[in-house]
Amino acid sequence: MLMPPVLKYCGNHSLNDLSAVYASHADYIGFVFTHKSKRTVSAEQVSQWLNQIGQCKSKQLVGVFADDSLEFIQSVCARVPLDVVQLHGGESLHHLSAVKKIVDQSVWKALHHDETTLDQMRHFRGAADGFIIDTKRKGTLGGTGIRFDWHSIPNYLSEAKRQQVPCFIAGGITPENIEELMMYQPTGIDIASGIEHHFGKDQALIRSLEEKVGINDGQTSTSRK
Ligand SMILES: O=C(O)c1ccccc1NCC(=O)[C@H](O)[C@H](O)COP(=O)(O)O
């Protein structure tokens with residue numbers, strides 16, 4: 001029996017979004033703090049929502065940044081109890097190492113799929129604590145709702161396994177195409193658009209996706225680990 005992938009639901013930008021993903025089997029809940037997104041939230045908003053809804057111990061919080069300054073990243077980490085800092089821009093190895101020095105959190109590097117991605121994963125070996133492989137689209141860094149050529153997934157998973165770090169597949173994953181993606185046996189999946197209806201996270205879409213990856217309602221995210 002195949003293990004269901006680790007789930008990350010990203011781009012939560014309202015209290016309703018947070019309620020929907022809290023009720024789900026998500027392992028990671030992502031907030032986009034960089035200003036380069038239509039889903040940008042502030043540290044103040046997120047900490048207010050967390051106060052309203054309470055902390056959820058079985059889920060880890062991820063903060064998404066993209067080419068942001070060390071000061072900005074540090075200021076968000078001081079206000080929001082993040083478990084992971086995700087760097088989603090064109091950050092260099094030098095910048096990622098500098099971020100690692102100033103935060104206590106794990107630092108993941110998002111890479112945009114193209115013919116150089118595997119080399120880039122090797123370049124970040126020993127520094128990045130995990131990878132997100134996302135779709136490359138000019139003018140947008142993430143949350144595109146567009147998938148990349150999944151034939152490269154086995155190479156990405158093998159490299160992450162060699163490095164003994166998690167690897168999430170992102171970009172255009174939906175309840176409609178998740179069964180096709182499951183044939184590549186992804187260890188982690190990361191979704192923003194595909195579980196949204198009218199730009200808000202939708203519990204019916206989340207349930208449909210989770211059923212298709214083999215997570216049933218009797219399981220909590222911790223009982224899957
Ligand atoms: O979601 C965004 O709007 C976003 C904008 C800029 C940088 C990163 C962003 N999202 C990061 C994620 O981890 C998304 O889950 C990932 O890009 C997949 O998005 P989607 O294709 O919409 O499922």
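Rules used in this analysis
Residues numbered from 1 in each chain as written. Predicted model: local features only at pLDDT ≥ 70, side-chain atom pairs only at ≥ 80, totals over all residues. Heavy atoms only, no water. Helix = DSSP H or I, 4+ residues; strand = E, 2+ residues; numbered from the N terminus. Buried < 20%, exposed > 50% of the residue type's maximum accessible area, 1.4 Å probe, protein only. Contact = heavy atoms within 4.5 Å. Areas by Shrake-Rupley, 256 points an atom, 1.4 Å probe, with all protein chains shown as cover. Phe/Tyr/Trp six-rings, centres within 6.5 Å; stacked < 30°, edge-to-face > 60°. UniProt positions renumbered as here; feature names shortened; annotations may be inferred. Near = heavy atom within 4 Å. Polar contact = N/O pair within 3.5 Å; in protein donor to acceptor, adjacent residues only side chain to side chain. Nonpolar A, V, L, I, M, F, W, Y, C, P; charged D, E, K, R; others polar. Arc of directions from axis to C-beta. Salt bridge = Lys/Arg side-chain N within 4 Å of Asp/Glu carboxyl O.

Observations regarding the overall build of the protein
Then comes step 1: For the protein, the helix and strand inventory stands at 8 helices and 10 strands.
Then comes step 2: Its C-alpha atoms give the protein principal-axis dimensions of roughly 45 × 40 × 35 Å.
Then comes step 3: A burial count over the protein gives 53% of its 225 residues as buried.
Then comes step 4: Taking contacts inside the protein between residues at least 6 apart in sequence as the whole, the part at least 24 apart equals 60%.
Then comes step 5: Carbon and sulfur atoms form 50% of the exposed surface of the protein, whose accessible area is close to 10500 Å².

What to know about the packing of aromatic side chains
Then comes step 1: Evaluation of the coordinates by the stated rule reveals 7 aromatic pairs.
Then comes step 2: Ring geometry for Tyr28 and Trp108: centres 5.0 Å apart, planes at 65°, overall edge-to-face. Taken together, the positions of Tyr28 in strand 2 (residues 28–32) and Trp108 in strand 5 (residues 106–112) put the pair 80 residues apart, joining distant regions of the chain.
Then comes step 3: The exposure class of Tyr28 is buried, given its relative accessible area of 15%.
Then comes step 4: We classify Trp108 as buried; its relative accessible area is 2%.
Then comes step 5: Grouped by ring-pair contacts, the aromatic residues Phe31, Phe33, Phe65 and Phe72 constitute a single cluster.

What about the UniProt feature "domain: N-(5'phosphoribosyl) anthranilate isomerase (PRAI)" (unreviewed entry) in the protein?
Then comes step 1: Here the UniProt-annotated "domain: N-(5'phosphoribosyl) anthranilate isomerase (PRAI)" (unreviewed entry) positions come out as residues 8–211.
Then comes step 2: Segment residues 8–211 splits into 35% helix and 20% strand. End C-alpha atoms: 15 Å apart.

Considerations on the site of the ligand
Then comes step 1: Taken together, 21 residues are adjacent to the ligand, and Ser37, Asp134, Gly143, Asp190 and Ser193 come closest.
Then comes step 2: Lys8 places a polar side-chain atom, nitrogen or oxygen, 3.1 Å from an oxygen atom of the ligand.
Then comes step 3: Asp134 places a polar side-chain atom, nitrogen or oxygen, 2.5 Å from an oxygen atom of the ligand.
Then comes step 4: Within the complex, 99% of the 510 Å² of free accessible area of the ligand lies under protein.
Then comes step 5: Residue composition of the shell around the ligand, by class: 6 nonpolar, 10 polar and 5 charged.

As for unusual backbone geometry
Then comes step 1: Residues other than glycine seldom take positive phi values, yet Gln164 does so here, at roughly 55°.
Then comes step 2: Looking at the secondary structure, you find Gln164 in the loop between helix 6 (153–163) and strand 7 (167–170).
Then comes step 3: The residue Gln185 is not glycine, and still its phi comes out positive at about 50°.
Then comes step 4: With respect to the helices and strands, Gln185 occurs in the loop between helix 7 (178–182) and strand 8 (188–191).

Considerations on helix 2 (residues 43–53)
Then comes step 1: Taken together, the buried positions of helix 2 are occupied by Ala43, Val46, Trp49 and Leu50. Seen end-on, helix 2 carries its buried residues on one side only, within an arc spanning 130°. Facing away from the buried side of helix 2 by over 90 degrees, the exposed positions are Asn51 and Gln52.
Then comes step 2: Buried-residue contacts for helix 2 involve helix 1 (15–22), strand 2, strand 3 (60–65) and helix 3 (70–79).

Let's talk about the pattern of salt bridges
In a structure, side chains of opposite charge can pair up when their charged atoms sit close to one another.
Then comes step 1: A full pass over the atoms with the stated rule returns 11 salt bridges.
Then comes step 2: Residue Lys109 pairs with Glu91 through a salt bridge whose shortest N-O separation is 3.1 Å. Here Lys109, found in strand 5, pairs with Glu91, found in the loop between strand 4 (84–87) and helix 4 (93–102); they are 18 residues apart in sequence, far enough to count as distant. By the burial criterion, Lys109 is buried, and Glu91 matches it.
Then comes step 3: Among the charged side chains, a network of salt bridges with common partners joins Asp119, Arg122, Glu159 and Arg162.

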